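Take a look at the letters that make up each chain.
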Amino acid sequence: MDKKKKSRAVNGDGSWGIKKIRDTEYFVYRKYYNGKRKEFYGKTKTEAKKKCKAYENSIVSCDDKAFKRMCLEDYMSDWLYKKFRGSVSERTFDDKEQIMNSHIVGTEIGYMQMGAIDTELIQDMLYEKAKTYSLSTCKKIYFILNQMFEYAVKKEERYKVNPMDKVDNVTGKRVKQKPKEEAFLEKSDMEKLVKEADRVNTAGFRINGDIGTRVYGVNADLILMLLYTGARSEEGFALKFEDFIEKDGKTIVHFSHVIKDIIARDDKGKALKNSKGQNVYVQVDVPEMKSESSNRYVPLNAEAVELLNRIKANRKGYKPSDYVFVTEKGTIPDFKNVRRTLVKMLERAECEVTDMGLHGLRRSFASYLINNDVPLVIISELLGHSNVIVTQKQYAKVLQVKKAEGTDLMKFKFGAETPKEEKESAIVESSKIVSIVNVKKRNII
């Protein structure tokens, strides 16, 4: 037997030692619980660790036999609908329910009894999920389990210790499904998209509506406003005429509320289904922004003002409290329909990017400003980010290209000046920033 007195555990959770009892040497595994040290003896390390695990299971488990026999998915469902739902927004609840139904209900861990759940089992399950699912999904599974067990410990006193306390959340290095790089439009594609938005039905190219009418209607108007302002899609859908303000000769839009799709539910909180068994969604205007910085003012460029004025001219008798973007039936457009319209517009305009979500319009807005040397702090404010660091992380690749271009400007040798034509072109190009957005903070508020 190894005579080393102590060997620190790899993960730092405990330490090993050797102790002689009645002429017999034992491995000793020492761990601290609530500041007090406990020792586990065994003739082998495996035996000592088994005793440690048995002890940890005993301090986690409660004495309620009925609770111990309850399946995890049953307890989570009861907690989610009866305890959790009333404390969060409907959208947050929808997300939690989706995670429960997709990753807990009907799974091996979902069928496990609450009295048999332990740290090692949960950790193995999370690592197994990391082989298939994204980092975001793995984190959501971790958080719903942690919230549920925390409730069981603190509110119901079902456990003495939360089994999630020793569970490590999944990291980006472990997940195999890496996040996809979200597409955005370069300047040439943005120009093509804007031109395509004005396409009208003709005898040779009729898609929607009568000949002479615009093909894409309100969907195209909304798409352009998202592109011109860098708004999140739920912010753009929620815009009302009263959100547009005239200030010092400039038109400014105030983003202060959002439209969200939430699942329609019965009195017990269960999701309503259509004839195909799919969730039924309803649109809700939520007076809460993602963060305090999301409640912001953004000045409109000339093209956005022109768009707004055209909408006003076509909406006789509109009220300030009316939504700007509505269908012929007076309803807010459907998120999925607008997204499909965007894809069709990109394809018909023969853009380089032909498959992009609505969030890509926001990325296009930000990338254009970055490429035109608008200060990052201003871009961060226009996007409603909590700080510049968030903007830096989200647009790291675009910024990396700008860094490389910046170093190329360092020319000191005689005769290495930038040609006059290039200088003039750069001045003209940078002046176009004003056409996208006036970004002086003093003019925003």
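Residues numbered from 1 in each chain as written. Predicted model: local features only at pLDDT ≥ 70, side-chain atom pairs only at ≥ 80, totals over all residues. Heavy atoms only, no water.

**Student:** I'd like to hear about the overall build of the protein, residue by residue, with values.
**Tutor:** Helices and strands together make up the secondary structure of the protein, namely 19 helices and nine strands. Burial statistics for the protein: of 445 residues in total, 40% are counted as buried. Considering only residue pairs separated by 6 or more positions, the protein has 60% of its internal contacts joining residues 24 or more positions apart. When the accessible area of the protein is evaluated, it comes to approximately 26,300 Å², of which 50% is carbon and sulfur surface. (Helix = DSSP H or I, 4+ residues; strand = E, 2+ residues; numbered from the N terminus. Buried < 20%, exposed > 50% of the residue type's maximum accessible area, 1.4 Å probe, protein only. Contact = heavy atoms within 4.5 Å. Areas by Shrake-Rupley, 256 points an atom, 1.4 Å probe, with all protein chains shown as cover.)

**Student:** An account of helix α12 (residues 335-348) is needed here, citing residue identities and associated values.
**Tutor:** The α-helix advances 3.6 residues per turn, and as a result positions three or four apart in sequence lie on the same side. Over its 14 residues, α12 extends 20 Å from the first C-alpha to the last, a length consistent with the 20 Å expected when each residue adds 1.5 Å. Buried within α12 we find Phe335, Val338, Thr341, Leu342, Val343, Met345 and Leu346. At its buried positions, α12 is contacted by α8 (187-196), α9 (217-229), α10 (233-237), β7 (258-263), β8 (281-286) and α13 (359-371). N-cap assignment for α12: the residue whose side-chain oxygen lies 3.0 Å from the backbone N of Lys336 is Asp334. (Expected span 1.5 Å × (residues − 1). Polar contact = N/O pair within 3.5 Å; in protein donor to acceptor, adjacent residues only side chain to side chain.)

**Student:** Run through the nonpolar core, naming residues and quoting values.
**Tutor:** With 62 residues, the main nonpolar core has Leu193 and Leu361 as its most contacted residues. No other element matches α9, which puts nine residues into this core. Excluding its chain neighbours within four sequence positions, the residues that come into contact with Leu193 are Leu185, Ile223, Leu227, Leu342, Met345, Leu346, Cys351 and Leu361. Counting residues in each nonpolar core, the second largest holds 33 residues, with Ile99, Ile104, Val167 and Val175 among its members. (Core = buried A, V, L, I, M, F, W, Y, C linked by side-chain atoms within 4.5 Å.)

**Student:** Would you mind going over the environment of Tyr29 in detail, with residue names and values included?
**Tutor:** In this fold, Tyr29 is placed in strand β3 (residues 24-33). Among the residues examined, Tyr29 registers a relative accessible area of 4% and is labelled buried. Through-space distance from the C-alpha of Tyr29 to that of Ile18 is 8.8 Å; in sequence the pair is 11 residues apart.

**Student:** Account for the sheet that holds strand β9 (residues 296-299), naming residues and giving values.
**Tutor:** Either a parallel or an antiparallel arrangement is found when strands of a sheet pair, and the pairing is made through backbone hydrogen bonds. With antiparallel pairing, three strands are arranged side by side in an open sheet as β5-β6-β9. Strand pairing shows two members of the sheet lacking a second neighbour, β5 (244-247) and β9, which therefore form its edges. Between one strand axis and the next, the sheet turns by 35° as a mean value, whatever way the strands run. Sheet topology places β5 next to strand β6 (residues 250-255); four bridges connect them, and they run antiparallel. Each residue of the ladder has a partner; that of Lys247, found in β6, is Lys250. (Pairing = 2+ DSSP bridges. Axes fitted to C-alpha atoms, helices over the stretch in contact; angles between N-to-C directions.)

**Student:** Requested: an account of the pattern of salt bridges, with residues and values cited.
**Tutor:** Tallying each qualifying case throughout the model produces 20 salt bridges. Its salt-bridge partner being Lys51, residue Glu47 comes within 3.8 Å of it at the nearest N-O pair. Here Lys51 and Glu47 lie together in helix α1 (residues 45-60), a separation of four residues that amounts to about one turn. Given a relative accessible area of 41%, Lys51 falls into the partly exposed group. For Arg265, the salt bridge is made with Glu97, and the minimal N-O distance between the two is 2.7 Å. (Salt bridge = Lys/Arg side-chain N within 4 Å of Asp/Glu carboxyl O.)

**Student:** Help me get a handle on the packing of α9 against α12, residues and values and all.
**Tutor:** Closest axis-to-axis distance for the α9/α12 pair is 9 Å, and the angle between their directions is 80°. On the basis of the axis angle, α9 is roughly perpendicular to α12. Across the interface between the two elements, Asn219, Ala220, Leu222 and Ile223 of α9 pack against Asn337, Val338, Thr341, Leu342 and Met345 of α12. (Parallel < 35°, antiparallel > 145°, perpendicular 65-115°, else oblique.)

**Student:** Quick one: what's the story with unusual backbone geometry, residue by residue and with numbers?
**Tutor:** Glycine aside, a negative phi is what most residues show, and trans is what most peptide bonds show. Positive phi outside glycine occurs at Asp248, with the angle close to 50°. As for its placement among the helices and strands, Asp248 is situated in the loop between β5 and β6. For Asp373, which is not glycine, the phi dihedral falls at a positive 65°. Position of Asp373 among the secondary structure elements: in the loop between α13 and α14 (376-383).

**Student:** Outline the confidence of the model for the protein, supporting the account with residue identities and numerical values.
**Tutor:** When the pLDDT values of the protein are averaged, the result is 85; 85% of them are 70 or greater. Taken element by element, the protein is modelled with least confidence in strand β1 (residues 6-8), mean pLDDT 39, and with most confidence in α9, mean pLDDT 97. Counting contacts from residues 1-12, a segment whose pLDDT is below 50, to residues more than four positions away or on other chains yields 19 contacts. This stretch, residues 426-445, has a pLDDT under 50; its non-local contacts, to residues over four places away or in other chains, come to 39 contacts. (pLDDT = per-residue confidence, 0-100.)

**Student:** Which residues make up the environment of Thr202, and what are the values?
**Tutor:** The topology assignment puts Thr202 in the loop between α8 and α9. Given a relative accessible area of 34%, Thr202 falls into the partly exposed group. For the pair Thr202 and Gly212, spaced 10 residues apart in sequence, the C-alpha to C-alpha distance is 6.2 Å. A polar atom in the side chain of Thr202 sits 3.0 Å from the backbone nitrogen of Phe205.

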